[in-house]
Amino acid sequence: MAGANSRDRQLRERAAAVIPGGMYGHQSVGLLPDDYPQFFERGEGAHIWDADGRRYLDFMCAYGPNLFGYAHPEIDAAFVRQLGQGDTLTGPTALMVELAEALTALVAHADWAIFCKNGTDATTMALTTARAHTKRRTVVRANGAYHGALPWCTPRPAGVIETDRAHQVFCDYNDAASLEAAVEAAGDDLAAVFAAPFRHDAFVDQAEPDPAYARKARELCDRTGALLVVDEVRAGFRLSRDCSWSRIGVQPDLSTWGKCVANGHPLSVMLGSDKARAAAASIYVTGSFWYQAATMAAALETLRLIRETDYLERITTLGETLRAGLAERAAAAGFGLRQTGPSTLPLFLFDEDPDLRKGFCWSSEMLARGVYVHPWHNMFLCAAMTGADIAQALDAAEGAFDALKRQAPGLAPVEKLAFLSAGAR
């Protein structure tokens, strides 16, 4: 199409002059198909519009923050009302106390809350709290798991030195024996075991938590005095109205939350049990904007909707409908499509596609049909989605599978993902 992505290309050229690399972090499209837009202009409900004005049904939901819909009228009204009264003040408003009360009433293991802005803030506070509680240094976490972007946990090593990564031992997610060996390797220095609600590593199939693995993590922490941390930043409130591991009967000592807590307004939180209260009170953590009242007003309205609506049941049903429909259409077109993880946070990968050339082609065809999916990262459903949206996505998928079938024999390797075929992670 003439002029397609014209404004997006202009913005990329301007960005390259004033932003290192042109874009950074998880919202860079550097590892996505070349036709994916980098810049967007607005969102409403379950849809986003790119900088060139094209509308997409958005299965990324801003990489998770959109739980109830972009520009949700009640949540944003609460934000704007409080913004008119006061936001960043010399001290917090009463909303901070109300929000802590609401979260500790909702999440079973939580007796207290500490607020911040980013998921990395929360996970780093959890690490610091665990070290303050135990007076130990070492943390055990799973290979490939993502817990943030500071040097201790960033997936990219540039600028990171050995001491930034010190005192960490790795295990394989869902492998209880591997976890036990890692804890043994940590010895008397174990401060914490970090766990994701489910395996949601990029580029590989997702996996629900094995109850035996989760119980082993709890048992090992109880035996050693270490703290169990469940990192809910990505999955929180899309699997349960409680901590995700509550579904399998395991409660952590600390949990970290973000993304959708305030439906896209910037807020993250560390929740903890009384066991770790004194340690949490002893650490020094702060930020000039961590106490903003307008965001907390948005979070209180978000939590009200979490408590009082059937959002979770609806997005679960929509996700199951999407999964069944995609399986049927992929099979009809002769493709093996692996759909892994919870239906509310799906990941789609093709069989016999080591460098994702099929996934790239199919995702681009979905984009051309007005549906934004991701070829190697888990996606998200939101409560603004409807049955009609899922029907649109399935219609688009049928056309995309047909297009992939025609193009598959001539697809070239995806050069930007050559590291996958080389065995890199």
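Here's what I pulled together on the structure shown here. Because the structure is predicted, anything quoted here is derived from the model rather than measured.

1. Considerations on the overall build of the chain
Per the secondary structure count, the chain includes twelve helices and 13 strands. On C-alpha atoms alone, the chain measures out to a radius of gyration of 22 Å, which is about the 22 Å that the 2.2 N^0.38 rule sets for 425 residues. For the chain, the C-alpha atoms occupy an extent of roughly 60 × 55 × 45 Å along the three principal directions. Expressed as a percentage of the 425 residues in the chain, the buried residues total 55%. Of all intrachain contacts in the chain linking residues separated by at least 6 positions in sequence, the fraction that spans at least 24 positions is 75%. Here the chain has roughly 17,900 Å² of accessible surface; of this, 53% comes from carbon and sulfur atoms.

2. A word on the environment of Q392
Residue position: Q392 is located in helix α11 (residues 387-407). With a relative accessible area of 27%, Q392 lands in the partly exposed category. Taking the C-alpha atoms as reference points, Q392 and G370, separated by 22 residues in sequence, lie 8.9 Å from one another. Look past the residues within four positions of Q392 in its chain and what remains in contact with it is H47, L57, R369, G370 and V371.

3. Regarding the nonpolar core
Judged by nonpolar contacts, the single largest core of 117 residues is most densely connected at F59, F237, W245, W362 and F401. Dropping the residues within four chain positions of it, F401 is found in contact with L326, R329, A330, A333, F335, L337, F350 and W362. With 21 residues, the next largest nonpolar core counts A126, L127, L254 and W290 among its residues.

4. Observations concerning the side chain of Q168
Structurally, Q168 is set in strand β6 (residues 168-171). Accessibility expressed as a relative area gives 14% for Q168, which makes it buried. Within polar-contact distance, the side chain of Q168 engages the side chain of R141 at 2.5 Å. For Q168, the side chain forms a polar contact with the main-chain oxygen of W152, separated by 2.8 Å. With residues up to four places along the chain from it excluded, the contact list for Q168 reads T138, V139, R141 and W152.

5. A short note on the sheet that holds strand β5 (residues 138-142)
Backbone hydrogen bonds are what pair the strands of a sheet, in a parallel or an antiparallel way. Read from one edge of the open sheet, seven strands run β4-β10-β9-β8-β7-β5-β6, paired in mixed fashion. On the outer flanks of this sheet lie β4 (112-116) and β6, each paired with one strand and no other. Here the strands of the sheet are splayed against their neighbours by 20° on average, with no regard to which way each runs. Sheet topology note: the β5/strand β7 (residues 190-195) ladder contains three bridges and is parallel. Note on β7: the bridge partner recorded for V139 is A192.

6. Re the environment of R304
Here R304 lies in helix α8 (residues 293-308). Judged by relative accessible area, which is 23%, R304 ranks as partly exposed. The spatial distance from the C-alpha of R304 to the C-alpha of A102 is 8.9 Å, given a sequence separation of 202 residues. Reaching out from R304, the side chain makes a polar contact with the side chain of E74 at a distance of 3.3 Å.

7. As for unusual backbone geometry
For K259, which is not glycine, the phi torsion reads 50° and is therefore positive. With respect to the secondary-structure elements, K259 resides in the loop between β9 (254-257) and β10 (268-272). For K259, a relative accessible area of 24% translates into the label partly exposed. The phi dihedral of L356 is positive, around 65°, even though this residue is not glycine. You can see L356 is positioned in the loop between β12 (347-350) and α10 (357-368).

8. Examining the pattern of salt bridges
For the coordinates displayed, the defined rule picks out 24 salt bridges. A salt bridge links R12 to D8, with the shortest nitrogen-to-oxygen separation between them at 2.7 Å. With R12 and D8 both in helix α1 (residues 6-18) and four residues apart, the pair spans about one turn of that helix. By relative accessible area, which is 1% here, D8 ends up buried. Across the pair K275 and D253 runs a salt bridge, and its minimum N-O distance is 3.0 Å. With a gap of 22 residues between them, K275 in the loop between β10 and α7 (277-282) and D253 in the loop between β8 (227-231) and β9 connect regions that are remote in the sequence.

Quick notes on the rules
Counting starts from 1 at the beginning of each chain's written sequence and moves along it residue by residue. The model is predicted, so local features are restricted to residues of pLDDT at least 70 and side-chain atom pairs to those at 80 or more, both for listing and for counting; the totals for chains, interfaces and linings are taken over all residues. The basis for every side-chain value is the complete set of heavy atoms in the structure, and neither hydrogens nor water enter the calculation. Helix and strand assignments come from DSSP, with helices taken as H or I runs of at least 4 residues and strands as E runs of at least 2, each series counted from the N terminus. Both definitions apply: the radius of gyration is a C-alpha atom measure, and the globule rule equals 2.2 Å times residues to the power 0.38. The cut-offs for exposure are 20% and 50% of the maximum accessible area for each residue type, with area from a 1.4 Å probe on protein chains only; residues under the lower value are buried, those over the upper are exposed, and the others partly exposed. In this description, contact between two residues means that some pair of their heavy atoms is separated by no more than 4.5 Å. The method behind every accessible area is Shrake-Rupley, applied with a 1.4 Å probe, and residues are considered shielded solely by the protein chains displayed. To qualify as a nonpolar core, a set must consist of buried Ala, Val, Leu, Ile, Met, Phe, Trp, Tyr and Cys residues joined through side-chain atoms within 4.5 Å. Here a polar contact is taken to be a pair of N or O atoms separated by no more than 3.5 Å, where protein atoms must pair a possible hydrogen donor with a possible acceptor and residues adjacent in sequence count only if both atoms sit in side chains. Pairing between strands is defined by DSSP: at least two bridges between them are needed. Lines are fitted to the C-alpha atoms to define the axes, a helix being fitted only along its stretch in contact, and any angle between axes, read from their N-to-C directions, falls within 0 to 180 degrees. For this analysis, a salt bridge means a side-chain nitrogen from Lys or Arg found within 4 Å of a carboxyl oxygen belonging to Asp or Glu.

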